[in-house]
Amino acid sequence: MKLSQELAWRGFTNQTTLKDITVLDSEKITFYWGVDPSSNSMTVGNLAIAMMVLHFISHGHKAVLLVGGATGLIGDPDGKDEERDLKTVEEVAKNKAGIALQYQQIFAGQPFTIVDNYDWFKDFGYLQFLRDVGKHFSMTQLLQRDFIQSRIGQGGKGISYAEFSYSLIQGYDFLHLFRTKGVTLQVCGADQWGNSISGVDLIRKVEGGEAHIWSAPLVVNKATGKKFGKTENGAIWLDSSKTSVFDFYQFWLNADDQGVLDYLKIYTLLTKDQIDSLMGEFTQNPAGRAAQKALAYEVTKIVHGEAEAKKAKEATATLFSGEASDLTPIVQMPEGEHEVIEVLVKAGLATSNSEARRLFDQGGVKLNQQKVGSPRVTLKSGDLLQVGKRRFVKIS
RNA sequence: GCUGGGAUAGCGAAGUGGUCAAACGCAUCUGACUGUAAAUCAGACGACUUAUGUCUUCGGGGGUUCGACUCCCUCUCCCAGCACCA
């Protein structure tokens, strides 16, 4: 399948400055994608774009992956309704390293270059920046952006000059990469369109050059109509210390029926035929959850590797039949009789005694698949303690 | 700098001297029903104890009062308008 068709079929098309998208099929170009180091890990939101980047690479385009060391020090105001606290240099450095590592994992085996915009901003003088970059931005245009309007209008939370300037920094990134690496395309999420377009204008004004943007739509959970990738525990991270491999796998396994086709197309590299056949099976027998199972396994494989994906799959199979597995968190607890409340808190299944009591009162506590009805339980090593439907802890 | 408006639990938002641990909505949690889905229904949703009691909360600090989220002073931050703008 040609790249333009692939992108369209998988649902990666949103807005682009390209008049004719088939140039992506006929020409080999260099493009870039950037991630803001506001955390030391990407989320499944970033992963969607990463998957798209993967398709660009596999169709022969050269990838430049940017970590926003400079932009991270400022903070992207886009989509935020409130000014953010500045991160320290150390924190940004740590986050950059985390993002770069994830680039290496996701794009393992593929050709790509990683750059850091801090490298070209750290010695860029303020006056120089205003003359070279600031001069080319129209205040009227900057002020008209929706999120600026919502921040400075009545009821807005205000915005500092620093965050306001974010767009200029990102715009210059594009110009710099255009000049030094021949980058002519930026790919981004739909929410970054405004920031990205400023680079296109800048390149045209300063260099008289032509550069383009390809934006992917925000992945939306069709069942709820909300941005995909958030759960009760917050965002789903790619870093296993923030979202365990098991939770990550579970997240995908619990994908809603309506959205699972979209997610398969976006988040896996399965071919059209494979996906069609999976969906056929799934439609015949929704309860078999064939589509979700494939999705969970494939995505976990891409992010955490095949071995981890297998473990998560096995853990799931055994856990729901009542056995602990390698991936079940283990809690040290002396054998013998205990207060249920106390055990729940110590096991981290409840944050306070009140919460533990509530869970117990509402019948949400199970020990080895049996509902715990008495306030005292007898524990022994190897017991499987469960709260709700899918939170497990193994006693040792 | 001046004038006015505002800051309430994860978010939004009521509450203008006691009946406020604080309405309501969203989010979240548990249960029922299911397919570890969605929808629906029921309950919970500061902490400690368990019985219906104690303690800590309504931007920070101080005060008035028997008693304050509610009144006064002050500080911090936000918004709007005005003024200033070499």
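Computed from a predicted model, the values in this text were never measured in an experiment.

### Observations regarding the overall build of chain A
Item 1. What chain A contains, in helices and strands, is 19 helices and 17 strands.
Item 2. By its C-alpha atoms, chain A is 75 × 50 × 40 Å across when sized along the principal axes.
Item 3. Going through the 396 residues of chain A one by one, you find that 47% of them count as buried.
Item 4. Contacts in chain A between residues at least 24 apart in sequence constitute 72% of all its contacts with a sequence separation of at least 6.
Item 5. Surface accessibility of chain A: about 19200 Å² in total, with carbon and sulfur atoms responsible for 50%.
Item 6. The averaged location of the 46 negative side-chain charges in chain A is 1 Å from the averaged location of its 44 positive side-chain charges.

### Section: the packing of helix α11 (residues 166-181) against helix α12 (residues 193-207)
Item 1. Interaxial distance between α11 and α12 falls to 7 Å at its minimum, and their mutual angle equals 50 degrees. One element, α11, and the other, α12, form an angle in the oblique class. Seen from above, α11 lies across α12 with right-handed handedness. The residues of α12 that touch α11, namely those facing Tyr166, Ser167, Gln170, Gly171, Tyr172, Phe174, Leu175, Phe178 and Arg179, are Gly194, Asn195, Ser196, Ser198, Gly199, Val200, Leu202, Ile203, Val206 and Glu207.
Item 2. Split by residue class, the contact of α11 with α12 holds 9 nonpolar, 8 polar and 2 charged.

### Topic: the protein's contact with RNA strand B
Item 1. In the vicinity of RNA strand B there are 35 residues, among which Ile152, Gly158, Asn254, Thr316 and Ser354 approach most closely.
Item 2. What you see for RNA strand B is that sugar and phosphate hold 67% of its atoms within 4 Å of the protein.
Item 3. A distance of 3.1 Å separates a base nitrogen of RNA strand B from a polar side-chain atom of Arg289.
Item 4. Here a sugar or linking oxygen of RNA strand B sits 3.0 Å away from a polar atom, N or O, in the main chain of Gln362.
Item 5. Breaking the surface near RNA strand B down by element, the ones donating at least two residues are α13 (245-253) and α19 (353-361).
Item 6. When residues in the surface near RNA strand B are grouped by element, the largest group, 6 residues, is from α19.
Item 7. By residue class, the composition of the surface near RNA strand B is 8 nonpolar, 16 polar and 11 charged.

### Points about the packing of aromatic side chains
Pairs of aromatic rings are described using the distance from one ring centre to the other and the angle between the two planes.
Item 1. This model, assessed by the stated rule, comprises 14 aromatic pairs.
Item 2. Between Trp33 and Tyr103 the ring centres are 5.8 Å apart and the planes differ by 65 degrees, which places this aromatic pair in the edge-to-face class. Of this pair, Trp33 sits in strand β2 (residues 30-35) while Tyr103 sits in helix α5 (residues 89-106), and the two are 70 residues apart along the sequence.
Item 3. Classification of Tyr103 as buried rests on a relative accessible area of 0%.
Item 4. Ring geometry for Phe121 versus Tyr172: centroids 5.4 Å apart, planes at 65 degrees, classification edge-to-face. With Phe121 in helix α6 (residues 117-121) and Tyr172 in helix α11, the pair connects residues that are 51 residues apart, well separated along the chain.
Item 5. Its relative accessible area of 14% is what places Phe121 among the buried residues.
Item 6. On the accessibility criterion, Tyr172 (9% relative accessible area) is buried.

### Some details on the sheet that holds strand β3 (residues 62-67)
Item 1. Pairing is mixed in the open sheet, where 6 strands are placed in the order β1-β6-β5-β2-β3-β4. Each having just a single partner strand, β1 (15-16) and β4 (113-116) make up the two edges of the open sheet.
Item 2. In terms of strand pairing, β2 meets strand β5 (residues 183-189) through 3 bridges, oriented parallel. Along β5, the bridge assignment pairs Tyr32 with Gln186.

### Some thoughts on a positive patch on the surface
Item 1. Taken together, the side chains of Lys366, Lys371, Lys389 and Arg390 make up a positively charged region of the molecular surface.
Item 2. In this fold, Arg390 is placed in the loop between β16 (384-387) and β17 (391-395).

### Notes on the pattern of salt bridges
Item 1. Evaluated as defined, the whole model comprises 13 salt bridges.
Item 2. As a salt-bridge pair, Lys301 and Glu298 come within 3.8 Å of each other at their nearest N and O atoms. Here the residue Lys301 and the residue Glu298 both occupy positions in helix α16 (residues 290-304), the gap between them amounting to 3 residues, near one helical turn.
Item 3. Take Glu298: its relative accessible area is 17%, and that puts it in the buried class.
Item 4. With a shortest N-O distance of 2.9 Å, Lys346 and Glu342 are connected by a salt bridge. Linking Lys346 with Glu342, this pair stays in helix α18 (residues 340-346), spanning 4 residues, or about one helical turn.
Item 5. By relative accessible area, which is 53% here, Lys346 ends up exposed.
Item 6. Counted as one network, the salt bridges with shared partners bring together Glu337, Glu339 and Arg376.

What counts and what doesn't
- Every chain's residues receive numbers from 1 upward, in the order its sequence appears when written.
- Ligands are numbered from 1 and chains lettered from A, in the order in which they are written.
- pLDDT decides what is reported in this predicted model: residues at 70 or higher carry local features, side-chain atom pairs at 80 or more are listed and counted, and totals for whole chains, interfaces and linings draw on all residues regardless.
- Hydrogens and water are ignored here; the side-chain numbers use all heavy atoms of the structure.
- Numbering of helices and strands runs from the N terminus, with a helix taken as a DSSP run of H or I at least four residues long and a strand as a DSSP run of E at least two residues long.
- Think of it in three bands: residues with accessible area under 20% of the maximum for their type are buried, residues over 50% are exposed, and the middle band is partly exposed, with areas taken using a 1.4 Å probe on protein chains only.
- The contact rule is simple, with two residues in contact once any of their heavy atoms fall within 4.5 Å.
- Areas reported here follow the Shrake-Rupley algorithm with a probe of radius 1.4 Å; residue values treat only the protein chains shown as occluding.
- Neither His nor the chain termini are counted; the positive set is Lys and Arg, and the negative set is Asp and Glu.
- We put the charge of a Lys on NZ, of an Arg on CZ, of an Asp on CG and of a Glu on CD.
- Helix axes are fitted to C-alpha atoms over the stretch in contact, other axes to C-alpha atoms as well, and angles between N-to-C directions run from 0 to 180 degrees.
- Here the angle decides the label: under 35 degrees means roughly parallel, over 145 means roughly antiparallel, 65 to 115 means roughly perpendicular, and every other value means oblique.
- A crossing counts as left-handed when the near helix is turned anticlockwise from the far one by less than a right angle, and as right-handed when that turn is clockwise.
- Here the nonpolar group is Ala, Val, Leu, Ile, Met, Phe, Trp, Tyr, Cys and Pro; Asp, Glu, Lys and Arg are the charged ones; every other residue, Gly included, is treated as polar.
- Residues are counted as near a molecule or strand when any one of their heavy atoms sits within 4 Å of it.
- Any pair of nitrogen or oxygen atoms within 3.5 Å is treated as a polar contact; in protein, a donor-acceptor pairing is required on top of that, and neighbouring residues in sequence qualify only through side-chain atoms on both sides.
- For this analysis, a ring pair means two rings from Phe, Tyr or Trp (six-membered ring only for Trp) whose centres lie within 6.5 Å, classed as stacked if their planes differ by under 30 degrees, edge-to-face if by over 60, and tilted for the remaining angles.
- Strand pairing is assigned whenever DSSP detects at least two bridges linking the two strands.
- The residues that make up patches have over 30% relative accessible area and no salt bridge, and they are joined within 9 Å when like-charged or within 5 Å when they are Val, Leu, Ile, Met, Phe, Trp or Tyr.
- The rule for a salt bridge is simple: a side-chain nitrogen of Lys or Arg has to be within 4 Å of a carboxyl oxygen of Asp or Glu.

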